[in-house]
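Here is what each chain is made of, one letter per residue.
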Amino acid sequence: MKKIVVLGGGISGVGAALLAKKHGYDVFLSDKGTIIDKKTLRNNNIKFEEGIHTIEEIMTASEVVKSPGISDLDDLIKQIKDKGISIISEIEFAYRFTNSKIVAITGTNGKTTTTLLVGHILEKEGYDVLIAGNIGTGFSKSIAEKDYDYIVLEVSSFQLDGIKDFKPDIAILLNITSDHLDRYENSLENYIESKLQITKNQNKEDVFIYNYDDINIVNNIKTKAKMIPFSLKKIFKTDGAFYVNNEININLNNNQMTIQDLALQGKHNVYNSMAAAVASRVLEVRDFITRQSLQDFKNIEHRLEHVINVHGIEFINDSKATNINSVWFALESMHKEIVWIVGGVDKGNNYEELIELVKEKVKAIVCIGHQTDNIHKAFKDHVDNIVDANSMNEAVGFSYQLAEKGDVVLLSPACASFNMFNNFEHRGEEFKKFVRSL
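This one's a predicted model, so the numbers in the text were calculated from it and none came from an experiment. (Residues numbered from 1 in each chain as written. Predicted model: local features only at pLDDT ≥ 70, side-chain atom pairs only at ≥ 80, totals over all residues. Heavy atoms only, no water.)

Considerations on the nonpolar core
Stage number 1. Judged by nonpolar contacts, the single largest core of 48 residues is most densely connected at Phe 93, Phe 139, Ile 143, Ile 151, Leu 153 and Phe 208.
Stage number 2. Apart from the residues within four sequence positions on either side, Phe 139 is in contact with Glu 90, Ile 91, Ala 94, Tyr 95, Thr 98, Ile 102, Leu 130, Ala 132, Gly 133, Ile 151 and Leu 153.
Stage number 3. Core analysis: the second largest hydrophobic core is formed by 39 residues, Ile 135, Leu 262, Leu 264 and Met 274 among them. (Core = buried A, V, L, I, M, F, W, Y, C linked by side-chain atoms within 4.5 Å. Buried < 20%, exposed > 50% of the residue type's maximum accessible area, 1.4 Å probe, protein only. Contact = heavy atoms within 4.5 Å.)

Notes on the sheet that holds strand β13 (residues 247-252)
Stage number 1. Read across the open sheet, the nine strands follow the order β7-β8-β6-β9-β10-β11-β12-β13-β14; overall the sheet is mixed. If you trace the sheet from one side to the other, it starts and ends with β7 (129-133) and β14 (255-259), each paired once. Each strand axis lies, on average, 15° off the axis of its neighbour in the sheet, ignoring direction.
Stage number 2. Two elements, strand β6 (residues 101-106) and strand β8 (residues 150-154), share five bridges in a ladder whose sense is parallel. By the bridge assignment for β8, Ile 102 is matched with Ile 151.
Stage number 3. Contacts between helix α6 (residues 111-124) and the sheet are confined to β6, β7, β8 and β9 (170-173), with β8 contributing the most and set at about 165° to the helix. (Pairing = 2+ DSSP bridges. Helix = DSSP H or I, 4+ residues; strand = E, 2+ residues; numbered from the N terminus. Axes fitted to C-alpha atoms, helices over the stretch in contact; angles between N-to-C directions.)

Focus on helix α4 (residues 75-82)
Stage number 1. Among all positions in α4, only Leu 76, Ile 77 and Ile 80 are buried. What you see down the axis of α4 is that its buried residues fit within an arc of 100°, all on one side. Across from the buried face of α4, at angles greater than 90 degrees, the exposed residues are Asp 75 and Asp 82.
Stage number 2. Tucked inside the fold, the buried residues of α4 contact β1 (3-7), α3 (55-58), β4 (63-66) and β5 (86-89).
Stage number 3. Where α4 begins, one side-chain oxygen reaches toward the backbone nitrogen of Leu 76, 2.9 Å away; that side chain belongs to Asp 74.
Stage number 4. One or two positions beyond α4, positive phi appears at Gly 84, with a value near 80°. (Arc of directions from axis to C-beta. Polar contact = N/O pair within 3.5 Å; in protein donor to acceptor, adjacent residues only side chain to side chain.)

Shown next as structure tokens:
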């Protein structure tokens with residue numbers, strides 16, 4: 001019997017173990033930390049360990065399914081590779097057991113919103129849709145229970161690093177900017193190559209939808225799929241999507257569709273909406289359904305999420321913004337004076353990219369986390385009020401004092417959360433809790 005070892009006991013790891021068990025594999029799950037859902041593993045007679053990786057047991061694997069949180073540079077992964085054991089990601093493993101049509105979405109920013117948008121459109125058209133990958137209940141766990149008409153996957157570069165045969169029917173690449181370079185030997189080229197894995201197995205029957213305005217994509221594309229671009233800068237006479245006079249225009253197969261009054265505001269969301277609309281057009285969703293869906297879509301929690309107005313001050317939770325590019329889009333989409341809450345674990349941020357927007361829009365900065373020196377250094381000559389807070393409660397209090405009626409308080413940290421919070425969701429929940437207690 002073929003043995004599958006799953007490394008990592010999060011949602012995707014437990015799901016992969018369940019799927020492997022269902023298909024008759026000998027399964028062993030190993031997590032160096034704590035496994036939250038041990039009950040499911042026990043109920044399904046899946047062997048597991050936590051707090052340790054037993055090398056001897058792991059090396060008996062026919063194949064290893066690796067959590068995206070474990071780096072390819074990890075010593076254990078190097079040992080497994082040296083022994084010639086195949087290492088794959090959970091999306092590669094789950095892909096083997098589904099006949100659904102797959103739409104896969106990646107990009108440094110916007111992939112969660114776009115994934116939910118595509119899923120929303122397909123559900124409104126009446127299809128049975130699974131939204132999974134980096135979000136939801138997990139790809140493997142869900143298809144262990146049933147198959148779907150469509151599977152819409154948010155896919156990270158870490159997941160794409162572990163694919164061999166994974167091939168979406170439609171691949172969407174939104175943008176590529178510097179992020180997670182510590183996992184790619186500080187090489188943007190390596191990161192770009194990782195993102196472009198999304199189209200590497202596609203053929204001429206498949207579709208690759210991409211951001212024409214992103215030179216990191218345009219200068220590096222290699223694909224056999226049909227290419228459909230979207231752009232804010234160029235008008236396409238043939239297949240493509242563009243934006244003119246506050247209106248999305250989609251040309252596809254000599255048919256044109258226009259969409260106005262988008263639910264999501266800001267340039268970044270125009271890109272996301274264009275990508276989702278092109279995908280729905282390729283899948284022959286009726287035009288009125290696509291229009292309606294882009295007009296009534298509710299954005300995700302922790303991404304430019306309006307929390308509450310307190311004495312005329314609007315509070316916005318953008319805790320999911322963990323890099324400079326996300327924050328740039330957040331600042332760009334604001335039309336009020338901003339008190340900006342920023343900070344956390346800095347992943348090598350270049351704050352210089354934000355200076356022009358900060359000079360134009362930010363009246364005060366509240367720093368959180370232990371690494372605030374770079375923030376002070378970058379903005380001290382451009383913003384009069386920069387203060388440090390020792391907790392989220394203090395940060396909310398300071399921001400409320402610094403803001404006036406008609407201003408916006410924006411939590412958009414540009415950093416990871418794990419020195420003060422469990423994850424970006426926990427950070428956002430804490431922000432909302434203290435805002436509502438004002």
